[in-house]
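Architecture at a glance
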Amino acid sequence: AATVYVAKGFPAWKVQVLSMLRDFNAEGKLPLVKQEDMKNDETAKQQWKEIMMQLMKAPGLTEKAIAKQVGPFAAHVRDEAALIGVSALDASLSFDEMALLREHSSYLSDKLRVPVAVALNTELASPDHKGSAELAQPGKPALHFQIDKGSGKAPGGGKAPGGGKAPGGG
């Protein structure tokens, strides 16, 4: 079985980072260039350095567990904005992700060859799904697979031809 976990919103610290990045963009201070392009753009490099300094000292973002995630998240969002536009800085989606996934759950079930359920990441189907559900964020659902004990082999399971050895292997 599989459960697709959907997040209705970002954690508060990510919302704060997105808000600050939108503000920097409105002021014309957010370099919308990917990381690899920044190497050759001194202005963008300096702008990003200033943004990171402000993010790292912003109230609500200085707690150690959060602070170590701020830089990678902000850089990822900047790269997304460079690729798809400033809508990547939005803290919410322009469509109902839960409804879309529920509408297509039979397709997912058919392609994955397992029953598929769709749930909010705050409504765990089982306590052991917590780690998977925490990975969900708006626009990027998380998937938890569960193999039922005693269900036998997976479809197509069994030994590979040749006793499990790779072709041409000794």
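Structural notes, computed from the coordinates. Note that the structure is a prediction, hence the values are computed from the model and not measured. (Residues numbered from 1 in each chain as written. Predicted model: local features only at pLDDT ≥ 70, side-chain atom pairs only at ≥ 80, totals over all residues. Heavy atoms only, no water.)

Next up on the list: the nonpolar core. If you look at the biggest cluster of nonpolar residues, it comprises 26 residues, and the most contacted ones within it are V17, L21, W48, L55 and L61. Of all the secondary structure elements, the ones that give two or more residues to this core are α1 (12-26), α3 (42-57) and α4 (64-84). At seven residues, α4 tops the list of elements feeding residues into this core. Setting aside residues no more than four positions away along its own chain, V17 makes contact with L55, L61, V70, F73 and A74. By size, the runner-up hydrophobic cluster in this structure holds eight residues, among which are A2, M98, L101 and V116. (Core = buried A, V, L, I, M, F, W, Y, C linked by side-chain atoms within 4.5 Å. Buried < 20%, exposed > 50% of the residue type's maximum accessible area, 1.4 Å probe, protein only. Helix = DSSP H or I, 4+ residues; strand = E, 2+ residues; numbered from the N terminus. Contact = heavy atoms within 4.5 Å.)

Time to look at the side chain of Q137. Position of Q137 among the secondary structure elements: in the loop between α7 (130-133) and β3 (142-145). Of note is the side chain of Q137, whose polar atom sits 3.1 Å from the side chain of K14. Residues contacting Q137, with those up to four places away along its chain left out, are A7, F10, K14, F73 and E97. (Polar contact = N/O pair within 3.5 Å; in protein donor to acceptor, adjacent residues only side chain to side chain.)

Turning next to the pattern of salt bridges. In the structure shown here, the tally under the stated rule is seven salt bridges. With a shortest N-O distance of 3.4 Å, K29 and E27 are connected by a salt bridge. On the basis of relative accessibility, which here comes to 43%, the residue K29 falls in the partly exposed class. Measuring nitrogen to oxygen at the nearest pair gives 3.1 Å for the salt bridge that ties K45 to E42. Of this pair, K45 and E42 both sit in helix α3, three residues apart, roughly one helical turn. On the accessibility criterion, K45 (35% relative accessible area) is partly exposed. (Salt bridge = Lys/Arg side-chain N within 4 Å of Asp/Glu carboxyl O.)

Structurally, the position occupied by F73 is in helix α4. Look at F73 and you get buried, because its relative accessible area is 8%. Apart from the residues within four sequence positions on either side, F73 is in contact with F10, W13, K14, V17, L18 and Q137.

Now for the pairing of β3. Taking every second residue as pointing to the same face, the buried face of β3 carries A142 and H144, while none of L143 and F145 on the other face is buried. As paired strands, strand β1 (residues 2-6) and β3 are joined by four bridges and run antiparallel to one another. Counterpart to V4 in the pairing with β3 is L143. (Pairing = 2+ DSSP bridges.)

Take K14: it is sitting in helix α1. Comment: no salt bridge for buried K14; closest opposite-charge side chain is E134, at 11 Å. In contact with K14, not counting residues within four places along its chain, are F73 and Q137. (Lys, Arg positive; Asp, Glu negative; His and termini not counted.)

Once that is clear, we can look at α3. For α3, spanning 16 residues, the distance from its first C-alpha to its last is 23 Å, which sits close to the expected 22 Å at 1.5 Å a residue. Within α3, the full set of buried residues consists of A44, W48, I51, M52 and L55. Down the axis of α3, the smallest arc covering the buried residues is 100°, so these residues share one side. Exposed side chains of α3 directed beyond 90 degrees from the buried face belong to E42, T43 and K57. Summarising the contacts, the buried residues of α3 are in contact with α1, α2 (35-38) and α4. (Expected span 1.5 Å × (residues − 1). Arc of directions from axis to C-beta.)

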